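Single-letter residue listing:
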Amino acid sequence: MDIVLKRVMAYIIDVLIFSIVLTPIINWSVINPYVDEYTENYSEYTELVEQANAGEIDTETDEYKDKIVDLNYNINKYKVISSSISVVGFLLYFAVLQWALKGQTIGKKIMKIRVVANNEDKKLNVGNYILRSLILNNIIFSIILIIGVYIFKAPGYYTLSMVVSYLQLLVMSLIMLMVVLRKDYRGLHDFVAGTKVIDLAVPVQDETSLEKEEVEEKQVIEVKEYVKDEDEKKVSTNNKNKKKKSNNKGKSKKEKK
């Protein structure tokens, strides 16, 4: 299986495991007392958008725009606790756990791939995995939105959330394009963290063996070139000798005459 497909499958497995574990915690009212308020505002927002898509509401009116802006702000305000829990959860799973398991999550273990240092002379620490997760899991954008709730009012926050949405799409698209198109399969998150992903199912040759193979290949090429040169020299020498012999025969015939 191609390593790109393995990485996608590993990520899907990890997100499923993460969601199964985290969803009950986020929706537990003892930990998150704003579950009901979030659900209420989110339902109202969804219903409003559906009515607008069906043409039942004029989306150009100030009333509609103001309501969308206010609901967007309320949704993010009431999910600050759940977003914060998600950020901590992502860092624990995709950074701390992956570091503890030496570059593997549960998904990566199943798909037999591992995150390693791009520079073989260096060792990865938990900071590398945190940097990697901040980009890959959109954690940095989640943090911006959490902080934004306390800095901006509804209109300003709506603009911020739209900008962040476009940036998230841009970053994820860039990551996918880099992973698919680059020969080393390194995405933006790999460059930031100084990492790469290797396929454990494919045997990796060490540098010394690769150097030996390169030297042997060079020697074979040099021998072939040497033999070729010698053959060309012999051919040219034989041609010269033939010419000399023909010239000598011509001279001897003249002398006899």
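Quick note: structure is the one above.
Figured I'd write up the structure that's included with this text. Computed from a predicted model, the values in this text were never measured in an experiment.

Moving on, we come to the overall build of the protein. Along the protein, the regular secondary structure elements total ten helices and two strands. Partitioning the contacts of the protein with sequence separation of at least 6, the portion at a separation of at least 24 is 70%. Summing over all exposed atoms, the protein offers an accessible surface of approximately 17,400 Å²; the carbon and sulfur share of this is 60%.

It is worth spelling out the packing of helix α3 (residues 62-78) against helix α8 (residues 154-181) at this point. Interhelical geometry of α3 versus α8 gives an angle of 75° and a closest axis separation of 9 Å. One finds that α3 runs roughly perpendicular with respect to α8. On the side of α3, the interface is formed by Ile68, Val69, Asp70, Asn72, Tyr73 and Asn76, while α8 contributes Ala154, Pro155, Tyr157, Tyr158 and Ser161. Taken together, the residues of the contact of α3 with α8 sort by class into seven nonpolar, three polar and one charged.

If you check the backbone angles, lysine 102 has positive phi at about 60° while not being a glycine. Tracing the backbone shows lysine 102 in the loop between α4 (80-100) and α5 (106-111). Under the relative-accessibility criterion, lysine 102 is labelled exposed at 66%. We note that tyrosine 185 has phi near 60°; this positive angle belongs to a residue other than glycine.

Now for α3. With 17 residues, α3 should reach 24 Å at 1.5 Å per residue; the first-to-last C-alpha distance of 24 Å fits that figure. What α3 keeps buried is the set Tyr64, Ile68, Val69, Leu71, Asn72, Tyr73, Asn74, Ile75 and Asn76. In the core, the buried residues of α3 are packed alongside α2 (35-53), α4, α7 (139-151) and α8.

Moving on: a negative patch on the surface. Taken together, the side chains of Asp62, Glu63, Asp66 and Asp70 make up a negatively charged region of the molecular surface. For aspartate 70, the location among the structural elements is in helix α3. For aspartate 70, a relative accessible area of 40% translates into the label partly exposed.

This model, assessed by the stated rule, comprises nine aromatic pairs. The interplanar angle of 80° and the centroid separation of 5.8 Å between the aromatic rings of tyrosine 73 and tyrosine 157 together place this pair among those described as edge-to-face. A residue pair is termed long-range when its members are at least 10 positions apart, and tyrosine 73 in helix α3 and tyrosine 157 in helix α8 qualify at 84 residues. Each member of the pair, tyrosine 73 together with tyrosine 157, is buried. The ring of phenylalanine 191 is capped by arginine 186, whose NZ or CZ atom sits 4.2 Å from the centre of that ring.

The rules we used
Residues numbered from 1 in each chain as written. Predicted model: local features only at pLDDT ≥ 70, side-chain atom pairs only at ≥ 80, totals over all residues. Heavy atoms only, no water. Helix = DSSP H or I, 4+ residues; strand = E, 2+ residues; numbered from the N terminus. Contact = heavy atoms within 4.5 Å. Areas by Shrake-Rupley, 256 points an atom, 1.4 Å probe, with all protein chains shown as cover. Axes fitted to C-alpha atoms, helices over the stretch in contact; angles between N-to-C directions. Parallel < 35°, antiparallel > 145°, perpendicular 65-115°, else oblique. Nonpolar A, V, L, I, M, F, W, Y, C, P; charged D, E, K, R; others polar. Buried < 20%, exposed > 50% of the residue type's maximum accessible area, 1.4 Å probe, protein only. Expected span 1.5 Å × (residues − 1). Patch = residues over 30% accessible without salt bridge, like charges linked within 9 Å, V, L, I, M, F, W, Y side chains within 5 Å. Salt bridge = Lys/Arg side-chain N within 4 Å of Asp/Glu carboxyl O. Lys, Arg positive; Asp, Glu negative; His and termini not counted. Charge placed at Lys NZ, Arg CZ, Asp CG, Glu CD. Phe/Tyr/Trp six-rings, centres within 6.5 Å; stacked < 30°, edge-to-face > 60°. Lys NZ or Arg CZ within 6 Å of the ring centre and 35° of its normal.

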